[in-house]
Amino acid sequence: MDYRFREIEKRWQKYWEENKTFKTGDDLTNPKKYYILDMFPYPSGSGLHVGHPEGYTATDIVSRYKRMNGFNVLHPMGWDAFGLPAEQYAIQTGTHPAVTTNKNCDTFRRQIKELGLGYDWDREVNTTDPSYFRWTQWIFIRLYNTWFDKGLGKGRDIAELPVPQGISDKGEKAIREYKDSKRLAYYDDAQVWWCSNCKIVCANEEVLTDGSHEKCGNPVVKKNLKQWMLRIPEYAERLLDGLESVDWPGGVKEMQRNWIGKSTGAEVDFPVEGSNTRIKVFTTRPDTLFGATYMVLAPEHPLTPILTKPGEKKNVEQYVVEAAKKSDLDRTDLARDKTGVFTGSYAINPVNNKKIPVWVADYVLTGYGTGAIMAVPAHDRRDFEFAGKFGLPVEAIMDPDTRDTDLREKVLKGEECWTEDGKYINSANSKTGLDINSLSKEEGIRVTITWLREKGLGNAMVNYKLRDWLFSRQRYWGEPFPVIHWEDGEITLLDESELPLELPHLEEYHPGANGESPLANSTEWLYVTGPDGRKGRRETNTMPQWAGSCWYYLRYIDPKNSESIFDSDLERYWMPVDLYIGGAEHAVLHLLYSRFWHKVLYDLGIVSHDEPYQKLFNQGMILAFAYETATGAKVAADMVEERGGSFFHKKTGEELKQIVAKMSKSLKNVVNPDDVTKRYGADSLRLYEMFMGPLEATKPWDEKGVKGVFNFLNRTYRFFSDELNLMDGDEDNETLKVLHQTIKKVTIDIENLRFNTAVSSMMIFTNLALKKGKVTRKSAEMFILTLSPFAPHLAEEIWHLYGNTVSLANHPWPQYEEKYLIEKTIEYPVSFNGKMRFTIDLPAEIEPAEAEKRVLADPRAEKWISDKQIRKIVVVPGRIINIVL
RNA sequence: GCCCGGAUGGUGGAAUUGGUAGACACGUUGGACUUAAAAUCCAAUGGCCGUAAGGCCGUGGGGGUUCAAGUCCCCCUCCGGGUACCA
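Along every chain, residues carry numbers that run from 1 in the direction the sequence is written. Numbering of ligands from 1 and lettering of chains from A proceed in the order in which they are written. This being a predicted model, a pLDDT of at least 70 is required before a residue's local features are given, and a value of 80 or more before pairs of side-chain atoms are given or counted; all residues contribute to the totals for chains, interfaces and linings. Calculated side-chain values reflect all of the structure's heavy atoms, with hydrogen atoms and water omitted.

Participant: What is the right way to look at the overall build of chain A in this model?
Facilitator: Starting at the N terminus, helices and strands are each numbered in turn, a helix being any DSSP run of H or I of at least four residues and a strand any DSSP run of E of at least two. When you go through chain A residue by residue, the secondary structure sums to 29 helices and 39 strands. C-alpha extents for chain A along the principal axes are approximately 100 × 90 × 70 Å. Within chain A, the proportion of its 885 residues that are buried is 53%. Contacts are assigned to residue pairs with any non-hydrogen atoms lying within 4.5 Å of each other. Of the contacts formed within chain A by residues at least 6 apart in sequence, a portion of 71% connects residues at least 24 apart. The cut-offs for exposure are 20% and 50% of the maximum accessible area for each residue type, with area from a 1.4 Å probe on protein chains only; residues under the lower value are buried, those over the upper are exposed, and the others partly exposed.

Participant: Is there a simple way to think about the packing of helix α26 (residues 777–787) against helix α27 (residues 792–801) in this case?
Facilitator: Axes, fitted as lines to C-alpha atoms, cover a helix only where it is in contact. Angles between the N-to-C directions of the axes lie from 0 to 180 degrees. Contact geometry for α26 and α27: axes closest at 8 Å, N-to-C directions at 155°. One way to sum up the angle between α26 and α27 is to call them roughly antiparallel. Crossing of α26 against α27: the hand is left-handed. Note on element contacts: α27 touches α26 through Leu794, Ala795, Ile798 and Trp799, opposite Glu781, Ile784, Leu785 and Leu787. Each residue is assigned to one class: nonpolar for Ala, Val, Leu, Ile, Met, Phe, Trp, Tyr, Cys and Pro, charged for Asp, Glu, Lys and Arg, and polar for all the others, Gly among them. Looking at the contact of α26 with α27, its residues break down into 7 nonpolar, no polar and 1 charged. Put simply, angles under 35 degrees are roughly parallel, angles over 145 are roughly antiparallel, angles from 65 to 115 are roughly perpendicular, and the rest are oblique. Should the near helix be turned counterclockwise from the far one by less than a right angle, the crossing is left-handed, whereas a clockwise turn marks it as right-handed.

Participant: Any chance you could explain the packing of helix α2 (residues 52–68) against helix α24 (residues 733–751) here in plain terms?
Facilitator: For any two helices packed against each other, the geometry is given by the interaxial angle and the distance between the axes. It is the contact of α2 with α24, at a shortest axis distance of 10 Å, that shows an interaxial angle of 115°. Every pair of crossing elements has a handedness; the one defined by α2 and α24 is left-handed. Taking contact as the criterion, the partners of Ile61, Val62, Tyr65 and Lys66 in α2 are, on α24, Thr747, Ile750 and Glu751. In terms of residue class, the contact of α2 with α24 is built from 4 nonpolar, 1 polar and 2 charged.

Participant: Hey, could you run me through the side chain of Thr742 in this one?
Facilitator: Relative to the elements of secondary structure, Thr742 occurs in helix α24. Residues contacting Thr742, with those up to four places away along its chain left out, are Ser761, Met762 and Phe765.

Participant: What is the right way to read the sheet that holds strand β39 (residues 880–884) from this model?
Facilitator: Hydrogen bonds between backbone groups are what pair the strands of a sheet, and the pairing can be parallel or antiparallel. Across the sheet, 4 strands lie side by side as β37-β36-β39-β38; this open sheet has mixed pairing. Whereas interior strands pair on both sides, the edge strands pair on one side only; in this sheet they are β37 (835–843) and β38 (872–876). Strand after strand, the sheet turns through a mean of 20° between neighbouring axes, direction not considered. Strands are labelled as partners when DSSP assigns at least two bridges between them. Bridge count for strand β36 (residues 825–832) against β39 is 3 bridges, and the pairing is parallel. Bridged to Phe832 within β39 is Ile883.

Participant: What exactly am I supposed to notice about the sheet that holds strand β23 (residues 491–493) here?
Facilitator: The strand order across the open sheet built from 4 strands is β23-β22-β25-β24, with neighbouring strands paired in antiparallel fashion. Each having just a single partner strand, β23 and β24 (527–529) make up the two edges of the open sheet. In this sheet, adjacent strand axes meet at a mean angle of 35° when their direction is disregarded. Note: β24 against strand β25 (residues 535–538), 3 bridges, orientation antiparallel. In the sheet register, Tyr527 faces β25, and the bridge partner there is Arg537.

Participant: Any chance you could explain the protein's contact with RNA strand B here in plain terms?
Facilitator: We call a residue near a molecule or strand whenever a single non-hydrogen atom of that residue lies within 4 Å of it. In the region of RNA strand B, 65 residues are neighbours, and Ala203, Gln545, Lys662, Met692 and Asn767 sit closest. A share of 66% of the atoms of RNA strand B within 4 Å of the protein falls on sugar and phosphate groups. Residues adjacent in sequence count toward polar contacts only when both atoms are side-chain atoms; beyond that, a polar contact is any pair of N or O atoms within 3.5 Å, and within protein one must be able to donate a hydrogen and the other to accept it. Within the backbone of Met692, an N or O atom sits 2.6 Å from a sugar or linking oxygen of RNA strand B.

Participant: I'm lost on the nonpolar core in this one. Help?
Facilitator: Inside soluble globular proteins, nonpolar side chains tend to come together where they are buried. Put simply, buried Ala, Val, Leu, Ile, Met, Phe, Trp, Tyr and Cys residues joined by side-chain atoms within 4.5 Å make one nonpolar core. Residues Ile112, Trp701, Phe720, Ile750, Phe755, Phe783 and Phe790 are the most contacted members of the largest nonpolar core, which totals 84 residues. There are two domains that each give this core at least three residues, and those are domain 1 (1–31 + 673–822) and domain 2 (32–145 + 231–261 + 466–474 + 543–621). If sequence neighbours within four positions are ignored, Phe790 has contacts with Ile61, Asp683, Arg686, Leu687, Val746, Ile750, Phe755, Ala758, Val759 and Met762. All the domain ranges listed were derived from an automatic or database domain assignment.

Participant: Mind showing me how you'd approach the packing of aromatic side chains here?
Facilitator: Each pair of aromatic rings is reported with the distance of its centres and the angle of its planes. Stacked, edge-to-face and tilted are the three classes for Phe, Tyr and Trp ring pairs, Trp counted by its six-membered ring, which pair at centre distances within 6.5 Å; planes under 30 degrees apart are stacked, over 60 edge-to-face, the rest tilted. Taken as a whole and judged by the stated rule, the model has 55 aromatic pairs. Here the aromatic rings of Tyr144 and Trp228 are separated by 6.0 Å at their centres, their planes lie at 70°, and the arrangement is edge-to-face. You can see Tyr144 sitting in helix α5 (residues 130–144) and its partner Trp228 sitting in strand β9 (residues 220–230), a full 84 residues away along the chain. By the burial criterion, Tyr144 is buried, and Trp228 matches it. Any Lys NZ or Arg CZ that is within 6 Å of a ring centre and within 35 degrees of that ring's normal is treated as a charge sitting over the ring. Over the ring of Trp194 we find Lys223; its NZ or CZ atom is 3.9 Å from the centre of that ring.

Participant: Explanation requested: the environment of Gly388 in the structure shown.
Facilitator: Turning to its location among the elements, Gly388 is positioned in helix α13 (residues 381–390). Judged by its relative accessible area of 56%, Gly388 falls in the exposed class. Distance from Gly388 to Glu415, taken between C-alpha atoms, is 9.0 Å for residues 27 residues apart in sequence.

Participant: Help me understand helix α15 (residues 441–455), please; the structure alone is not making it clear to me.
Facilitator: An α-helix turns once every 3.6 residues. As a result, residues three or four positions apart point the same way. A helix's residues, less one, multiplied by 1.5 Å, set its expected span. In this model, α15 (15 residues) spans 21 Å end to end at C-alpha, consistent with the 21 Å of a helix rising 1.5 Å per residue. The inward-facing, buried residues of α15 abut β10 (262–271), β17 (422–424), β19 (434–435) and β20 (458–464).

Participant: Explanation requested: a negative patch on the surface in the structure shown.
Facilitator: Residues enter patches when they are more than 30% accessible in relative terms and free of salt bridges; like-charged ones are connected within 9 Å and nonpolar ones (Val, Leu, Ile, Met, Phe, Trp, Tyr) within 5 Å. Every accessible area reported is derived by Shrake-Rupley at a probe size of 1.4 Å, with residue values counting cover from the shown protein chains alone. One speaks of a salt bridge when a side-chain nitrogen belonging to Lys or Arg is within 4 Å of a carboxyl oxygen belonging to Asp or Glu. Under this rule, positive means Lys or Arg and negative means Asp or Glu; His and the chain ends count for nothing. Think of each charge as sitting on NZ of Lys, CZ of Arg, CG of Asp or CD of Glu. There is a patch of like negative charges on the surface, built from Asp401, Glu420, Asp421, Glu442 and Glu443. Tracing the sequence through the fold places Glu442 in helix α15.

Participant: Help me understand the pattern of salt bridges, please; the structure alone is not making it clear to me.
Facilitator: Opposite charge on two side chains lets them pair, provided their charged atoms get close. According to the stated counting rule, one finds 60 salt bridges in the structure shown. Measuring nitrogen to oxygen at the nearest pair gives 3.8 Å for the salt bridge that ties Glu18 to Lys14. You can see Glu18 and its partner Lys14 sitting in helix α1 (residues 5–19), 4 residues apart, about one turn around the helix. In this structure Glu18 comes out as exposed when scored by relative accessible area, which is 58%.

Participant: Help me understand the side chain of Glu54, please; the structure alone is not making it clear to me.
Facilitator: Mapped onto the elements of the fold, Glu54 is located in helix α2. Within polar-contact distance, the side chain of Glu54 engages the side chain of Lys699 at 2.5 Å.

Participant: Would you take a moment to explain the layout of surface pockets for this structure?
Facilitator: Taking a probe equal in size to a water molecule and rolling it over the atoms shows the remaining empty space. Any residue with an atom within 4 Å of a point lines the site, the site being either a cavity, points on a 1 Å grid over the protein atoms alone where a 1.4 Å probe fits but cannot get out, or a pocket, an open set with protein on both sides within 12 Å along at least 5 of 7 lines. Grid points are joined across faces, edges and corners, and a volume is the space filled by probe spheres set on the points. Estimates place the volume of the second largest pocket at around 650 Å³. As for the second largest pocket, its lining consists of 21 residues, and the residues nearest its centre are Lys150, Pro233, Glu234, Val462 and Tyr464. Every element with two or more residues in the lining of the second largest pocket is listed here: α8 (236–242) and β20. At 4 residues, β20 tops the list of elements feeding residues into the lining of the second largest pocket. Mapping the lining of the second largest pocket onto the domain boundaries places at least three of its residues in each of domain 2 (32–145 + 231–261 + 466–474 + 543–621) and domain 4 (262–464).

Shown next as structure tokens:
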């Protein structure tokens, strides 16, 4: 019978939809629950590309497998639908982003259904739906009303914040300011890239390396704008700790640790000569204080203008302007030339009372540490380069621990930099009373910190690279903040009962004046009057796209609840997410932000677990073929023709090179799953996505490869759908063995997310069945069940042909039996000096000594031994025999 | 720059996690079927030498550990992801 995949797939998709086959069970007494989650997509206008179904097919297979193993499965899908493209489209066409968004969601939903992916569509969420973002706003209010209690190491309600006597004495305003300084969400100036031509804030990626705006080519500068910020660094330690308990790829954990960037050290105050001002620095190496020969302030440091002497004013001001044009990446790039200017001021090094110059340089960043450093050029590479360039003194305070005498001499003379360990020298001062000479590094650090503390000059300190999270965007298409700015400067949040605060309908989506979002143009929405007659203005910023994706996994649990964010019993049952699959590009930001919110909700007693995602897996990216000329110019795929295995430009006839690149509109190499489904069917697409290679690998899409799995499905369908190929009675021994091997392999591979080898083992079984010509009905049924999570339409069809009247989706998973897998003999490879020469069949249970004897008795061994002395024979039971000559 | 990954036939990949390198596919070549094509089926297919038996080489490059290295260690090259307003 022909494999009529179009008809078959349509039939079963209809069946699943009508029977709600994949509806989540509501039996909370079933202890076997499995919450399996895909990173939900941004529904772009171009629809799905073949990269999306990769992860979705993987989770679908696991879902179906778990369901067949008696699990209560939660497997939902939704849309991360706020975002820039819909807004830009609105600016151009005036179409409301909600219209565009809904259309795109419809396309995505249709495409996903046509792939036979078994989601519970009754739980679909959409971040742009007011009934969803109502709760995003609700969480924001929670963040605003939470402070982090360092003593307890957890977030608490702001009402429980103890206000020091000195502050409460000063009255309401002081108390309010104190509380605001502790809230997890706060409103303050933050630096953003500003294009004065377009009058908008730019994303880093929109700023080109020469500091110009990608869209208009005009230079961008950094500008301070009032922004909402979240104090994620308060949770740094918790975010580090939590990584210990989750089953995530090591690389992702490592990236998160590095991103948090914990470093321990000390903060040290440097008095400024002739002033009461002190410069506070953070250093991981307080033990090198004796080597500090100058100081550096970040250009944006508040003391920069104050410490600049009149004679240096022009230089410094110009330098600060220039620095504002550079990105952090440019500024800290080790390979780049260091720049800086002298302020004219001097600080006093507290350990030896030496006068040291204060410079301004952009290799020091405001956002990290205190925005000022003490420079120890003898023992820090960046400081050494800077000192060399500007002729600043280099004083070695560490005798290098090296055998390279030449290098050691240079270091001691200040001609080389030494960042490794050594013995302290020149590290004592009788007047200040600090002496760390001859101590080890740890002791040096400890003694110096004790000394600093005693003198009131500093203290031990932990610093994190992790910065406050800039949580607002100057956009229309995002969640509005439930915030009112009153004319007297007070900020209040809406009451929960007033949520959701919806977006106003606009005629015009152009940005507002002075970098405000388009919401600033919606005067009716914007201005409010309080019950007391006080006038106020709503927040015009909206939340970033991260906001909706930070907690969507929680809403899936109870998506239609209008009373609360979700039901607690349901949350306790379903959380944590058992398996989360998505792209590695989200390794840090999304996953870190999401964990942060979850921990706050946990501290407030809203969720029951400290970590949201128990197991994480990153699927690799799918690339596509692209073409380039000999000079490396890219050629759009529709301009290329293939002739005899080579590729040529259709117009110029030039021979082109086939390369592998990201799918992109400009290269015209985007593969649409619809085209593949039309030609080969959804089961083929699914199977190919899994067969291409390991789920985590980056791999190129090759249409020819689809043919391979299509052939397999064709053969499988033709063989197993034909009654003539089925027999009653006992199964052939070889068939039985391979069948059970296949079930075992597929079972273990699904558990380990190794789908590519599962598919190949099923191919092996079908190939054998075809060779044998007949299999028993029982074998056929077991095989079809094994195949069903991968090619569900085809499997349901054959299952139905075998006389079953209900879907196999809830049929128990086939069990393999070890007794069919036992081998009586093992084919041992025999190698001489590690080179395999021949194989020998030996009983599986053979003793090593007996194996040795049998090998040496084999005539083929003679040739390799000849007259040589046998030095050793290694027999690894079940594996190999190696004879060392 | 910094952090995290990766590199195996003409191509995608497999390799019991230190034990026969190339499973399973694609492609190619030859054959069968056909008036022909498609589809399907059968066979061969890492490179080099050889009629063959067989031999030598071979997992990005260089070194090392081991009876044994694609797998472990050190150094290098190239490619990909992230780099906080793309999400």
